[in-house]
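This is what each chain is made of:
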Amino acid sequence: MKLMNVLATTIAIGLFTGSAAMADGYKTCTKMDKASWKPASDAEAKAKAAGYEVRQSKVEGTCYEVYGVKDGKTFELFYSPEDLSLKHTKAK
Amino acid sequence: MREADPGSRNPPSGRRADHHANSVLVWDLPLRVWHWALAGMVLIAWVTPNVYDGLHQFAGYAVIGLLAFRLVWGFFGTRHSRFEKVGLKLRAAPTYLRNLRRGDTGRYLGLNPAGAALLVAMLALLAISTVTGAMQVTVRFFGVWWIEDSHAYASHAIIVLAGLHVLGTLVMSRLQRENLVRAMVTGWKQVPGTVRAAPRARSVEADRVPLQPQADELPQPQREQQTRGEPSVVPNIASTSAARPRTGPVGVRD
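Remember, predicted model here, so these are calculated numbers, not experimental data. (Residues numbered from 1 in each chain as written. Chains lettered and ligands numbered in written order. Predicted model: local features only at pLDDT ≥ 70, side-chain atom pairs only at ≥ 80, totals over all residues. Heavy atoms only, no water.)

Visitor: What is the right way to look at the overall build of chain A in this model?
Guide: Within chain A one finds two helices and four strands. Along its sequence from the N terminus, chain A presents helices and strands in the succession α-α-β-β-β-β. Relative to its 92 residues, chain A shows a buried fraction of 32%. Taking the intrachain contacts of chain A between residues at least 6 apart in sequence as the baseline, contacts between residues at least 24 apart amount to 37%. Summing over all exposed atoms, chain A offers an accessible surface of approximately 5,400 Å²; the carbon and sulfur share of this is 59%. (Helix = DSSP H or I, 4+ residues; strand = E, 2+ residues; numbered from the N terminus. Buried < 20%, exposed > 50% of the residue type's maximum accessible area, 1.4 Å probe, protein only. Contact = heavy atoms within 4.5 Å. Areas by Shrake-Rupley, 256 points an atom, 1.4 Å probe, with all protein chains shown as cover.)

Printed below as a string of structure tokens:
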């Protein structure tokens, strides 16, 4: 049964550290109420103006996440729905 | 479904003397390494998306490699690693699942039909998840919604199936009184019917010697033989179905 204990412990540790690491990606951009957010299309327009080819955008937490391609590189751009300021850029 | 299997890399009957008596090597070493490596990689991939992209991608590529190995091993591995009976078991799966509700677990050395169905679904979903995942990091398919959605749904389904797999293994371990997790570590499994039947089988063996079967107990043809006065072998009482000791792997499916 020693073997099983080692195995169970390993899995338990894996799950524990795993769930701790689960704490997701970039998610917080504003505290503003969702009803008064600026439209997502504005965020896309801003990315386009910055030279990105926009693939899609979606709400991630309290951010607009825009998928953009620039110079053959892929990026995720996080805009605040409050003032459309660029909060975070993640090269993928 | 036991048949001669010259291609098998298992020792002829797969048995060893000492503590492996009545045990048989079912899961070969490469399959076991594959299983636990896959479990580890899926676990890593599960907890790393969006946060540890590098690790997540590494796990994904590792799973692609593992899938490629499994495909090869499905044709060149030992008996229980091969895919040859998976189709048969898939067709048996609905009936098997129905019977399972009545507690009939069947006796399988390798995968039972539910396990085979899960294997097929798991391999398909892993392929979908890893391929769409790899596509997402190309400029061509980056941010394409259906790629992203397929990746997410397939990946979530994998976790659900993995949970089912763990649950099924634990329940089956209880029902069949065999530690199946351990079997996937050591590779050895009990030959079904040997564990609990052994004491009873021995008592039948002991009874057999002094027992002379009565003529009216004999099957019809043998009785005729005797009445004709021909020299006849004393029929082995154990060979009649009612008294057959469940010693060997009678009715073992694999």
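Visitor: Could you clarify how one ought to interpret the pairing of strand E3 (residues 73-79) of chain A in this entry?
Guide: Regular strands show a simple pattern: their side chains alternate between the two faces of the sheet. All names here are of chain A. The buried fraction of E3 amounts to six of the seven residues, a majority that puts the element mostly inside the structure. Direction of pairing for strand E2 (residues 63-70) relative to E3: antiparallel, over a ladder of seven bridges. What sits directly across from Tyr-64, in E3, is Tyr-79. Where E2 folds back onto E3 in an antiparallel hairpin, the turn is made up of two residues, including Asp-71, whose phi is positive at roughly 55°. (Pairing = 2+ DSSP bridges.)

Visitor: Hey, could you run me through the packing of helix H1 (residues 29-47) of chain B against helix H2 (residues 53-76) of chain B in this one?
Guide: The geometry of a pair of packed helices is captured by two quantities: the angle between their axes and the separation between those axes. All names here are of chain B. The contact between H1 and H2 brings their axes to 9 Å, and the two run at 155°. Classified by the angle their axes make, H1 and H2 are roughly antiparallel. Like other packed secondary-structure pairs, H1 and H2 cross with a definite hand, here left-handed. Along the contact surface, H1 presents Pro-30, Leu-31, Trp-34, Ala-37, Leu-38, Met-41, Ile-44 and Ala-45, while H2 presents Leu-55, His-56, Phe-58, Ala-59, Ala-62, Val-63, Leu-66, Leu-67, Phe-69, Arg-70 and Trp-73. (Axes fitted to C-alpha atoms, helices over the stretch in contact; angles between N-to-C directions. Parallel < 35°, antiparallel > 145°, perpendicular 65-115°, else oblique. Left-handed = near helix turned anticlockwise from the far one by under 90°.)

Visitor: Got a minute to help me understand the pairing of strand E4 (residues 86-91) of chain A in this structure?
Guide: Residue and element names in this part refer to chain A. The pairing of E3 with E4 spans five bridges and is antiparallel. Bridging from a neighbouring strand, Glu-76 pairs with Lys-90 of E4. The antiparallel pairing of E3 with E4 creates a hairpin that spans six residues between the two strands, and Leu-84 there sits at a positive phi of about 60°.

Visitor: What am I meant to see in the side chain of Glu-148 of chain B here?
Guide: By the secondary structure assignment, Glu-148 of chain B is in helix H5 (residues 145-175). You can call Glu-148 of chain B buried: its relative accessible area is 10%. Within the structure, Glu-148 of chain B has its side chain in polar contact with the side chain of Tyr-67 of chain A (distance 2.8 Å). (Polar contact = N/O pair within 3.5 Å; in protein donor to acceptor, adjacent residues only side chain to side chain.)

Visitor: Looking at this structure, I do not really get the nonpolar core. What am I missing?
Guide: Soluble, globular proteins show a tendency: their nonpolar side chains are buried together. Formed by 28 residues in total, the largest nonpolar core has its most connected members in Leu-38 and Leu-126 of chain B. At the level of secondary structure, the elements contributing two or more residues to this core comprise H1, H2, helix H4 (113-136), H5 and helix H6 (180-186) of chain B. Per-element accounting of this core gives the leading share, six residues, to H1 of chain B. Excluding its chain neighbours within four sequence positions, the residues that come into contact with Leu-38 of chain B are Val-63, Leu-66 and Leu-126 of chain B. One finds Val-54, Val-66, Phe-75 and Leu-77 of chain A within the second-largest nonpolar core, a separate group that totals 11 residues. (Core = buried A, V, L, I, M, F, W, Y, C linked by side-chain atoms within 4.5 Å.)

Visitor: Before we go on, may I ask you to explain the pattern of salt bridges in this structure?
Guide: Two side chains that carry opposite charge are able to pair once their charged atoms sit near each other. Residue and element names in this part refer to chain A. All told, the structure shown has seven salt bridges over all chains when counted by the stated rule. For Arg-55, the salt bridge is made with Glu-53, and the minimal N-O distance between the two is 2.8 Å. Taking the relative accessible area as the measure of exposure, Glu-53 reaches 41% and is therefore partly exposed. (Salt bridge = Lys/Arg side-chain N within 4 Å of Asp/Glu carboxyl O.)

Visitor: Sorry if this is basic, but what is going on with the state of the cysteines here?
Guide: A covalent bond between the sulfur atoms of two cysteines is what we call a disulfide. Residue and element names in this part refer to chain A. Applying the stated criterion across every chain, the model contains one disulfide over all chains. A disulfide bridge connects Cys-29 with Cys-63, and the sulfur atoms are separated by 2.0 Å. Between Cys-29 and Cys-63, the S-S dihedral sits near 100°, and the bridge is therefore right-handed. Taken together, the residues span a long stretch of sequence, with Cys-29 in the loop between helix H1 (2-21) and helix H2 (40-49) and Cys-63 in strand E2 at a distance of 34 residues. For Cys-29, a relative accessible area of 10% translates into the label buried. (Disulfide = S-S within 2.5 Å.)

Visitor: I'm lost on the side chain of Ser-173 of chain B in this one. Help?
Guide: Mapped onto the secondary structure, Ser-173 of chain B falls in helix H5. Those residues in contact with Ser-173 of chain B that lie beyond four places of it in its chain are Glu-178, Asn-179, Leu-180 and Val-181 of chain B.

Visitor: How should the confidence of the model for chain A be read in this particular structure?
Guide: Close inspection of predicted coordinates is inappropriate in any region flagged by low pLDDT. The pLDDT averaged across chain A works out to 87; a share of 88% of its residues lies at or above 70. In the model of chain A, H1 of chain A stands out as the element of lowest mean pLDDT, 72, in contrast to E2 of chain A, which has the highest, 95. (pLDDT = per-residue confidence, 0-100.)

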